[in-house]
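# Fold and geometry: a report
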Amino acid sequence: MGTLPEPFAGWFAARGWTPRPHQLALWRAARAGESALLIAPTGGGKTLAGFLPTLLDLHGNPREGLHTLYVSPLKALAVDIARNLMDPVEEMGLGIRIETRTGDTPQNRRARQRQTPPQILLTTPESLAVLLSSPEASELFGGLRAVVVDEAHAMAGTKRGDQLSLLMARLDLLAPGLRRVGLSATVAHPDALRAWLSPTARAEDVRLVVGRGGAEPVMDLMLPAGHLPWGGHMGIASAPRVLERIEGAGVTIVFVNTRAQAELIFAALWRLNEGNLPIGLHHGSLQIEQRRKVEAAMSAGKLRAVVATASLDLGIDWGAVDQVIQVGAPKGVARLLQRIGRANHRMDEPSRAVLVPANRFEVIECVAATEAVRAHELDGEPPRPGGLDVLAQHVLAMACQAPFHPDDLYAEVTRAGAYATLTRRDFDDVLRFVEDGGYALRAYERFRRLFRDAEGLVHVRDIRVARQARMNLGTIVDTPMLKVRIRGGPVLGEVEEWFASTLEPGHCFIFAGQTLRYEGIDALTMVVTRGGEGEPRVPAYAGARLPLSTNLSLRVRSILADPRRWRAMPEPVRDWLRLQQRRSELPQRDGMLIEVFPRGGRWFMVAYCFEGRLAHQTLGMLVTKRMERLGYGPMGYLGTDYVLATWSAFEPADPERLFEEDILGEELEEWIAESSMLRRTFRNIATIAGLIEKNHPGAEKSGRQMSMNSDLIYDVLRRHEPDHILLRATRAEAATGLTDVGRIATLLARIRGAIRIRRLDRVSPLAVPALIEEGREWVAGGAEDALLAEAAALVDDATGGADHFADVLSEVTEGLRVRSGVVDRPRRQDRKRRPPPRRFVRSAKLPDGRPAT
């Protein structure tokens, strides 16, 4: 079965292509009725491999009705795949209908799809949930033959993946014999992903197909002209060199790690862009119409570059992309590979990427990531068990579809890979909550949503409950946001409420590539005007920072501990590390270095943990609680991706006691009980579970209203039903997800008996970047200048140059200005500064004279 029938064989031959082995392997799996997971590099024809069995089957056995369902994590990806799939269908004259179904699909098309569905439907988990909650679901999906899950690694282990796992279990019930296909380019735990994808929750029931590796990517490290900054993570100093790389290529994607960084880099590039190159900006807080404008311009070849966040990580196929530039350390190997794969979607030619570290620690991380890519190492955690809040939403949605018996639904749910280990007690408690809210809430009519008949079948209470449930399906819970609208003009996007609360009328900030002047808030909209005076700020977004992966952390520690591996570093980094050796010592691979030194009447303790910002922030809360008990008088702490630093009134005499494993006992429980984080976590869980409605006919609640409602319910449950299923889910998520307790436990076990203490008379070279990165949180008045002078003096000791002292002082000062919300202005002698663009994508002319956008 190695030869494709006509017209497929002719279509491949006309392009000079030969079917790849993994494409034929998926065809064989489909002929055998087997589910399969395909792992193949970007550009290896994964999408065609996933759909090829469907096209062959529909060509040989034409039929009406839905045959294959494609599920994507992104609406834009579904639209892109539909467009690309139409080419072979039309060129071979297959007569197959292909349509998309997302939240943006017009109502008349949705109605037509229910009446006469296409053979291939491309959708998202949220839209699939709505379809499966409909009473017509049995008729619509009864003839389904295949489900194709794209970017499967990005789904599994997330709440959207939990939802999709449950939805696929229901599809199996409606369409027995359904086969599943997962597509992915980067998978660290293939067996765990196979179990998540499996119709039986067993990995062995999903065939693993691995595509041949393509050409090795070409990766370069690019440093800013002049001196390499000590700290900071924005990379603004490299903007001139980034623009030079853009000018020397056809099309470039400039990836950054946060939306704030995207705004800063975009503004910096435009101030230097004397050639008026068309450059776009793309991140998740911009208005959807503006994002689509950039995507369309990119697809049409009208842009030379786009500055983007994770909003473009996943596989929109822009084959004309020549290079990817990653500004800032990538934080994970799999993430870096995913981004590199966006360049040059041709498997037999190398993708080209440039890594642009923002500071000296990031240089080490970039080198570590490059080594890991070349060693074909991947990182990432295996999928975790499914969330109970997602299960609660699913139970209500299935009751909307048809009555069910609890025994039958439990058996169905536990066949879902994400819920294979679900206990009957947890299932029954979830069902009870969906029925009437549970013991503490059952007296309230609004929480009564289900009832049981005499035969034990569970029904939805009335049509109103079903309508409300469908309006609130989905697991994406947005942080309270405000729309940003030009006075008398369009909406540009959204910023978080907390950022708006820090502004006063007349304050300026950068958003959507423009400098805006804040005027005030009208209902749920922030009203702004263009322009303004003074140093503009940049909106930051909670949870926007990407976590440093465990594997990359290990490689960074290994490099630091082995001077033989420093040869891969640029000279400024080697000097920095050698100076650290002389002044203190370097962290070991499996131990932990702690430095203690006085500064400005306080005692600083810097612990080199290398477990990521989230773990360090949680650890800082626990460590300072223990410091308080030991009488050290803690005054504050900060966590970067690399270190935890604390400052206290008294010298920590016994730092080892602060990192004993029992810190995860009483201190953790006390902190979790007191922390506002539990309330925020409960709000999100209650929203997904349906306890708090995000959408209501004719009204949309503000984030503040939802928070007040959730706080009231949270207090009632804590007082009257502390074991409520949603409180259990909240505590579990806070302990294992948001706080990275697992990584802390691993760290404490690893360093047991391997902690090195160095007591110094002043800050060490390795500690300086950590302290200046968040300096605005603790440095006051003249202490800031003293710290910066000390940082420069350390470099001066190593280089013996007074001029270098001044350069470093200037660069560190610039870094502090960025982190305090002030825009860093890139310096380049041969270019004059330019104001930020007035439009989302700056106009430029094409060779024929037409505007590019």
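Above this text is the structure in question.
First things first, this report covers the structure right here in the doc. (Residues numbered from 1 in each chain as written. Predicted model: local features only at pLDDT ≥ 70, side-chain atom pairs only at ≥ 80, totals over all residues. Heavy atoms only, no water.)

## A closer look at the overall build of the protein
As a reminder of what qualifies: In this description a helix means any DSSP run of H or I spanning at least four residues, a strand means any run of E spanning at least two, and both kinds are numbered starting from the N terminus. With a 1.4 Å probe rolled over the protein chains alone, any residue whose accessible area is under 20% of its type maximum counts as buried; one over 50% counts as exposed, and the rest are partly exposed. We call two residues contacting when some pair of their heavy atoms lies within 4.5 Å. Note on areas: Shrake-Rupley, 1.4 Å probe, and residue coverage restricted to the protein chains presented here.
Check the secondary structure of the protein and you find 31 helices and 27 strands. Every one of the 853 residues in the protein was classed for burial, and the buried ones make up 57%. Look at the contacts in the protein between residues 6 or more apart in sequence, and 72% of them connect residues 24 or more apart. For the protein, the accessible surface area stands at approximately 33,200 Å², while carbon and sulfur atoms represent 51% of it.

## Notes on the sheet that holds strand β1 (residues 35–39)
How we decide: Strands are treated as partners if at least two bridges between them are detected by DSSP. Angles shown run from 0 to 180 degrees and are taken between the N-to-C directions of axes, each axis being a line fitted to C-alpha atoms and, for helices, limited to the stretch in contact.
One open sheet holds the 7 strands; their spatial order is β3-β4-β2-β5-β6-β1-β7, and the pairing between them is parallel. Looking along the sheet, the strands with just one partner apiece sit at the ends: β3 (98–101) and β7 (206–210). Looking at each pair of strands side by side, their axes are set apart by 20° on average, direction ignored. Bridge analysis of β1 against strand β6 (residues 179–184) gives 4 bridges, and the strand direction is parallel. Within β6, the residue paired with Leu38 across the bridge is Leu183. Across the sheet, helix α9 (residues 159–174) is in contact with β2 (68–71), β5 (146–149) and β6; its angle to β5 comes to roughly 170°. Strands β1, β5, β6 and β7 of the sheet are contacted by helix α10 (residues 190–197), whose axis makes an angle of about 145° with β1.

## Examining helix α19 (residues 463–471)
Worth spelling out the cut-off: Throughout, the arc means that of the directions going from the helix axis to the C-beta atoms. Definition of a polar contact: a pair of N or O atoms within 3.5 Å, with one able to donate and the other able to accept a hydrogen when the atoms are protein atoms, and with sequence-neighbouring residues admitted only if both atoms are side-chain atoms.
Among all positions of α19, only Val465, Ala466, Gln468 and Ala469 are buried. Projected down its long axis, α19 shows its buried positions confined to an angular sector of 165°, all on one face. For α19, the N-terminal cap is Asp462; the gap from its side-chain oxygen to the backbone nitrogen of Arg464 is 3.0 Å.

## Quick notes on the pattern of salt bridges
Keep this limit in mind: The working definition used for a salt bridge is a side-chain nitrogen of Lys or Arg within 4 Å of a carboxyl oxygen of Asp or Glu.
Under the criterion given, the structure shown has 47 salt bridges. Residue Glu91 is joined to Arg15 by a salt bridge in which the shortest nitrogen-to-oxygen separation is 2.1 Å. Linking Glu91 in helix α4 (residues 75–91) with Arg15 in the loop between α1 (8–14) and α2 (21–31), this pair joins segments that are 76 residues apart in sequence. Residue classification places Glu91 among the partly exposed residues on the basis of a relative accessible area of 47%. Ionic pairing is found between Arg425 and Asp723, a salt bridge with its closest N-O pair at 2.7 Å. Residue Arg425 is found in helix α18 (residues 424–436), and its partner Asp723 is found in the loop between α26 (703–720) and α27 (725–738); the two are separated by 298 residues along the sequence. One continuous salt-bridge network, built from bridges that share partners, spans Arg425, Asp426, Asp429, Asp723 and Arg728.

## What to know about the environment of Thr414
Mapped onto the elements, Thr414 comes out in the loop between α17 (406–413) and α18. C-alpha of Thr414 to C-alpha of Arg424: the two residues are 10 residues apart in sequence and 9.6 Å apart in space. Of note is the side chain of Thr414, whose polar atom sits 2.9 Å from the backbone oxygen of Tyr410. At 3.2 Å, the side chain of Thr414 and the backbone oxygen of Ala411 are in polar contact.

## Focus on unusual backbone geometry
The omega torsion of the bond from Glu6 to Pro7 falls at 5°, within 30 degrees of zero and hence cis. Structurally, the position occupied by Pro7 is in the segment before α1. The phi torsion at Asn276 lies on the positive side, around 55°, for a residue other than glycine. Mapped onto the elements, Asn276 comes out in the loop between α12 (259–272) and β10 (279–282). With a phi angle near 60°, His376 is a residue other than glycine that sits in the positive phi range. By the secondary structure assignment, His376 is in the loop between α15 (360–374) and α16 (388–401). Among the residues examined, His376 registers a relative accessible area of 58% and is labelled exposed.

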